[in-house]
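# Structural features, examined
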Amino acid sequence: MIVLGAGLTGVTTAWYLLQAGFRVTVVDRQPGAARETSFANGGQISISHPEPWANPGAPGQILRWLGRDDAPLKFRPTRDPAQWRWGARFLLECLPARAHRNTQAVAALATWSGRQLRDLRARLGLEYDQLERGILHLFHSAAEFAQAPARARLLADFGIEARICDRDACLAIEPALGAQADALAGGLYAPGDESGDAFRFTQALAGHVAVQGGTLLWETEILRLVTGRDGGAIAGVAVRTADGTVDTLHADACVVCLGSYGPRLLAPLGERLPIYPVKGYSVTAPVLDPARAPSVSLTDESRRIVCSRLGARLRIAGTAELNGFDTRVRPERVAPILAWAQRSFPGAIDAERAEHWAGLRPATPGNVPLIGRARHARLWLNTGHGTLGWTLACGSAAALAELMCGRRPPVAFPFLAA
Ligand SMILES: Cc1cc2nc3c(=O)[nH]c(=O)nc-3n(C[C@H](O)[C@H](O)[C@H](O)COP(=O)(O)OP(=O)(O)OC[C@H]3O[C@@H](n4cnc5c(N)ncnc54)[C@H](O)[C@@H]3O)c2cc1C
């Protein structure tokens, strides 16, 4: 098997395929694992956040945010028809029945993924600055907090525990919130959630893939997929290695885990993946005063910012921008994220030494990943994880390995051609 891409999705796929008894080669253009979108994400294993951005309230919200540089979700129109197609499908996925169906599917996969992650961690003794302290969702307006009970009931329907917390309960869970206590309306606490560094996790797991006999080819650009003589089934990939050599790697099957770049590579085959890059930003700052920095992972629901303690660092992430494949860090987009952390936790971090980063979430319109068979024989997909690639990585990969073994994974999820 050739796994295309070595982000969170590719490396976990390689691991579970090895466990299923396949011989596996992973190919990536970067010099190591998790160097693109999986590099500096929000760090949340957010089982308690299965709701997609595409929900009935989204169109109104996006209109209200138009023209604001600090808008949590920003649409920068380009001439790329793929952006407009994706936008139209996003609006369709905002219909209540569709949004509910998408939430249900992601909740089921996320719950299963959490179990897979815990099993894998225990088995391999993985260390990645993980904390099993839950996620506290924060609401800063009474109107938003008033929605929390309905959300808790919805999560309960999916078997996900979430407790309503008044201000004092929020402070008891995370004392570092003291400085912003007055601005807080309340919270929703999901004790089963976790946090951790996706980059460290992926790097460590890639090491285990190598130890178990997997081959990892770095600095190898995938140029195109190669079909067999009959023109139908996939026979391998054409690649260019670091020294410029162009070669063909043959395989019994290929799995696409290429993040936002999958659609471009598959388009010449007539495979249309509804994935578009949704850019996000993060700031990672050294912690100066551990008592002032949160250790429970937080989601500010009012400002769409998340934050996770990663050992001696605090990672703050957020914003969504439909802006094509531009990965440059725009100061005006990253500034509100850093300002949020400084305002919320004064004196906690060293902002001068903060690292700024931007990455492209490979998003489907409804935030439901594409897992299963593609239209071409011997071509499989595990991609399009959007806002939840870290949360869903282990479950998606374990499910794909089951599908490739001809078994149905025990998850109520719309796997492709299963
Ligand atoms: C700001 C931000 C915050 C986020 N926070 C969270 C969070 O808190 N929790 C959560 O669950 N998720 C979060 N996410 C989402 C998560 O990070 C992504 O869903 C996940 O990283 C996607 O992983 P991937 O493996 O699909 O893609 P990637 O990590 O991008 O991997 C794709 C790989 O394919 C390789 N590649 C692409 N094209 C080629 C080619 N032609 N040849 C060779 N190699 C190629 C790339 O080099 C790359 O290594 C966040 C994302 C962002 C941007």
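Presented here is a report on the structure given in the accompanying data block. None of the values given here were measured: they were computed from a predicted structure.

Pairing is mixed in the open sheet, where six strands are placed in the order β9-β2-β1-β13-β20-β19. The strands lining the two open edges of the sheet, one partner per strand, are β9 (215-217) and β19 (370-373). For this sheet, the mean inter-axis angle between neighbouring strands, taken without regard to orientation, is 20°. Strand contacts of helix α1 (residues 8-19): β1 (2-4), β2 (25-27), β13 (254-256) and β20 (379-383), with the helix running at about 165° to β1, the strand carrying the most contacts. Across the face of the sheet, helix α11 (residues 389-404) comes into contact with β13, β19 and β20 while running at roughly 165° to β20.

Here we take up empty space enclosed by the protein. Taken as a whole and assessed by the stated rule, the structure comprises two cavities of 30 Å³ or more. Within this model, the largest cavity holds a volume of roughly 50 Å³. What lines the largest cavity is simply Pro52, Trp53, Ala54, Trp86, Phe90, Ala363, Thr364, Pro365, Asn367 and Thr387. Class assignment for the residues of the lining of the largest cavity results in seven nonpolar, three polar and no charged. Each pocket or cavity is described by its volume, and for the second largest cavity that value is around 30 Å³. Contributing to the lining of the second largest cavity are Trp53, Asn55, Ala58, Gln61, Trp65, Leu73 and Arg304. A per-element tally of the lining of the second largest cavity places helix α2 (residues 58-65) first, with three residues. For the lining of the second largest cavity, the class distribution of residues is four nonpolar, two polar and one charged.

Quick look at the site of the ligand now. Within the structure, the ligand sits among 34 residues, and Asp28, Ser38, Gln44, Gly386 and Thr391 are positioned closest to it. At 3.3 Å, a backbone N or O of Leu8 approaches an oxygen atom of the ligand. Between the ligand and Gly42 there is a distance of 2.8 Å, counted from a nitrogen atom to a backbone nitrogen or oxygen. Protein chains shield 97% of the accessible area of the ligand, which is 1,000 Å² for the free molecule. Listing elements by their share of the shell around the ligand, those giving two or more residues are α1, β10 (221-227), β14 (276-286), β18 (355-363) and α11. In terms of residue class, the shell around the ligand is made up of ten nonpolar, 19 polar and five charged.

Moving on, we get to the layout of surface pockets. If you add up the space inside the second largest pocket, you get close to 420 Å³. Taken together, 17 residues make up the lining of the second largest pocket; nearest its centre are Ala82, Arg85, Pro263, Leu273 and Ile275. Counting only elements with at least two residues in the lining of the second largest pocket, the list comes to α3 (81-93), α9 (262-266) and β14. Considering every element that reaches the lining of the second largest pocket, the biggest residue donor is α3, with four residues.

Bringing the packing of helix α4 (residues 96-124) against helix α8 (residues 198-211) into the picture now. Between α4 and α8, the shortest axis-to-axis distance is 12 Å and the interhelical angle comes to 60°. Taken together, the axis directions place α4 and α8 in an arrangement best described as oblique. Crossing hand, α4 versus α8: left-handed. Listed contacts from α8 to Leu117, Leu120 and Leu124 of α4 are Phe201, Leu205 and His208. Here the residues of the contact of α4 with α8 are counted per class, giving five nonpolar, one polar and no charged.

Moving on to the nonpolar core. With 61 residues, the main nonpolar core has Tyr16, Leu17, Leu120, Phe201, Met404 and Phe413 as its most contacted residues. Among the secondary structure elements, those contributing two or more residues to this core are α1, α4, α6 (148-157), α8 and α11. The greatest single-element share of this core, amounting to eleven residues, is contributed by α11. Ignoring sequence-local partners within four residues, the contact set of Phe413 consists of Ala105, Leu109, Val368, Pro369, Ile371 and Arg408.

Parameters and conventions
- By convention here, each chain's residues receive numbers from 1 onward along its written sequence.
- Two thresholds apply to this predicted model, a pLDDT of at least 70 for residue-level local features and 80 or more for giving and counting side-chain atom pairs, whereas whole-chain, interface and lining totals are computed over all residues.
- To obtain the side-chain values, all non-hydrogen atoms of the structure were included, while hydrogens and water were left out.
- Any two strands with at least two DSSP bridges between them are considered paired.
- Only DSSP runs of H or I with at least four residues qualify as helices, and only runs of E with at least two residues qualify as strands; both kinds are numbered from the N terminus onward.
- Each axis is a line fitted through C-alpha atoms, and for a helix only the stretch in contact is used; angles between axes span 0 to 180 degrees, taken between their N-to-C directions.
- Every residue pair with non-hydrogen atoms within 4.5 Å of one another is taken to be in contact.
- Using protein atoms alone on a 1 Å grid, points that fit a 1.4 Å probe yet trap it form a cavity, whereas open point sets bounded by protein on both sides within 12 Å along at least five of seven lines form a pocket; residues with an atom within 4 Å of a point count as lining.
- Grid points are joined across faces, edges and corners, and a volume is the space filled by probe spheres set on the points.
- In this count, Pro and Cys sit with the nonpolar residues alongside Ala, Val, Leu, Ile, Met, Phe, Trp and Tyr, while Asp, Glu, Lys and Arg are called charged and the others, Gly among them, polar.
- One heavy atom within 4 Å of a molecule or strand is enough for the residue carrying it to be called near that molecule or strand.
- Whenever a nitrogen or oxygen atom comes within 3.5 Å of another N or O atom, the pair is scored as a polar contact, on the condition that within protein one atom can donate a hydrogen and the other can accept it, and that pairs from neighbouring residues in sequence are kept only if both atoms are in side chains.
- Surface accessibility follows the Shrake-Rupley procedure with a 1.4 Å probe radius. Residue values consider only the protein chains on display as shielding.
- Convention used here: angles under 35 degrees read as roughly parallel, angles over 145 as roughly antiparallel, angles from 65 to 115 as roughly perpendicular, and any remaining angle as oblique.
- Left-handed is the label given to a crossing in which the near helix is rotated counterclockwise from the far helix by less than a right angle, and right-handed is the label when the rotation is clockwise.
- Think of a nonpolar core as a cluster: buried Ala, Val, Leu, Ile, Met, Phe, Trp, Tyr and Cys residues, connected wherever their side-chain atoms sit within 4.5 Å.
- To sort residues, take the accessible area from a 1.4 Å probe on protein chains only and compare it with the maximum for the residue type: under 20% means buried, over 50% means exposed, and anything in between is partly exposed.

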